[in-house]
Amino acid sequence: MSDFRAGVSAPFDPALFFAMARKVGHGRALGLEYRAHGDDWVELALPWRPELVSMPDSGIMATGAIVSLVDTCSGTSVWTALGGFRAAVTLDLRLDYLRPASRGETVIARCECYKITRNVAFVRGVAHGGDEKRPIAHSAATFVAVD
């Protein structure tokens, strides 16, 4: 395993990153939106769209789209905590779903990188529909640096 802090390119600005990432690939396909960040946390949004629905009659957003939102938000919180970009991969991601994301509901993820060791970064997060007291899911993730 690589040392997480070795090879970090500085600085990293999540707002600028998502201005670019929203125009290509996965970020474009999902329509991820940057909302805010702090020293070790990031907040992203995933607006509801019909193509993100798992079963058309229900209007419930597919869990895979929510996993992608939380994974992206978690990884970005690691770069924010490091203060720069470092190639990393998701080692583990756990989502505890508490309720479905309903028709028309924008899902907001807020993830915090609360610990970085030599080899692993630890992240916790929550996804909600605008009311943090009514979460959609809680998450726990770990990331490792790659060369």
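Predicted model, so just to flag it, every value in this text is computed and none were measured.

S.K.: Please clarify how the pattern of salt bridges should be interpreted in this entry.
M.R.: Within the structure shown, the criterion is met by 6 salt bridges. For Glu43, the salt bridge goes to Arg35, with nearest N and O atoms at 3.0 Å. Relative accessible area serves as the criterion here: at 10%, Glu43 is assigned to the buried category. The exposure class assigned to Arg35 is partly exposed, which follows from its relative accessible area of 44%.

S.K.: I keep staring at helix H1 (residues 14-21) and nothing clicks. Help me out?
M.R.: At 3.6 residues per turn, the α-helix brings residues three or four places apart onto the same side. Residues Pro14, Phe18 and Ala21 constitute the buried set of H1. The buried residues of H1 all sit within an arc of 65° when viewed along its axis, so they share a single face. Looking at the buried positions of H1, the neighbouring elements they touch are helix H2 (25-30), strand E1 (33-37), strand E2 (41-46) and helix H3 (63-82). Backbone nitrogen of Ala15 and a side-chain oxygen of the N-cap are separated by 2.9 Å at the start of H1; the cap is Asp13.

S.K.: Explain the confidence of the model for the protein chain here, please?
M.R.: Here the protein chain averages 92 in pLDDT, and 99% of its residues register 70 or above. Per-element confidence in the protein chain ranges from a low mean pLDDT of 81 for H2 to a high of 98 for strand E4 (residues 107-116).

S.K.: What is the right way to look at H3 in this model?
M.R.: In this model, H3 (20 residues) spans 29 Å end to end at C-alpha, consistent with the 28 Å of a helix rising 1.5 Å per residue. Most of H3 sits out of view: 14 of its 20 residues are buried.

S.K.: Could you clarify how one ought to interpret the nonpolar core in this entry?
M.R.: Nonpolar side chains tend to gather and get buried jointly when the protein is soluble and globular. Ranked by internal contacts, the top residues of the largest apolar core, which has 32 residues, are Phe4, Leu46, Met61, Ile66, Val78 and Val107. Per-element tally for this core: the top contributor is H3, with 7 residues. Residues contacting Val78, with those up to four places away along its chain left out, are Phe4, Cys113, Ile116, Ala121, Val123 and Phe143.

S.K.: Looking at this structure, I do not really get the packing of aromatic side chains. What am I missing?
M.R.: The geometry of an aromatic ring pair is captured by two quantities: the separation of the ring centres and the angle between the planes. Per the counting criterion, the structure on display carries 6 aromatic pairs. Geometrically, the ring pair formed by Phe17 and Phe18 is edge-to-face, given 5.0 Å between the ring centres and 90° between the ring planes. For Phe17, a relative accessible area of 24% translates into the label partly exposed. On the basis of relative accessible area, Phe18 is assigned to the buried category, the value being 4%. Seen from their ring centres, Trp79 and Phe85 are 4.7 Å apart, and the 55° between their planes marks the pair as tilted. Through a chain of ring-to-ring contacts, the aromatic side chains of Phe12, Phe17, Phe18, Trp79 and Phe85 assemble into a single cluster. A cation sits over an aromatic face here: Arg110 above Trp41, 3.5 Å from the ring centre. When the ring centre of Tyr114 is taken as origin, the NZ or CZ atom of Arg124, which lies over that ring, is 4.0 Å away.

Conventions used here
- Residues numbered from 1 in each chain as written.
- Predicted model: local features only at pLDDT ≥ 70, side-chain atom pairs only at ≥ 80, totals over all residues.
- Heavy atoms only, no water.
- Salt bridge = Lys/Arg side-chain N within 4 Å of Asp/Glu carboxyl O.
- Buried < 20%, exposed > 50% of the residue type's maximum accessible area, 1.4 Å probe, protein only.
- Helix = DSSP H or I, 4+ residues; strand = E, 2+ residues; numbered from the N terminus.
- Arc of directions from axis to C-beta.
- Contact = heavy atoms within 4.5 Å.
- Polar contact = N/O pair within 3.5 Å; in protein donor to acceptor, adjacent residues only side chain to side chain.
- pLDDT = per-residue confidence, 0-100.
- Expected span 1.5 Å × (residues − 1).
- Core = buried A, V, L, I, M, F, W, Y, C linked by side-chain atoms within 4.5 Å.
- Phe/Tyr/Trp six-rings, centres within 6.5 Å; stacked < 30°, edge-to-face > 60°.
- Lys NZ or Arg CZ within 6 Å of the ring centre and 35° of its normal.

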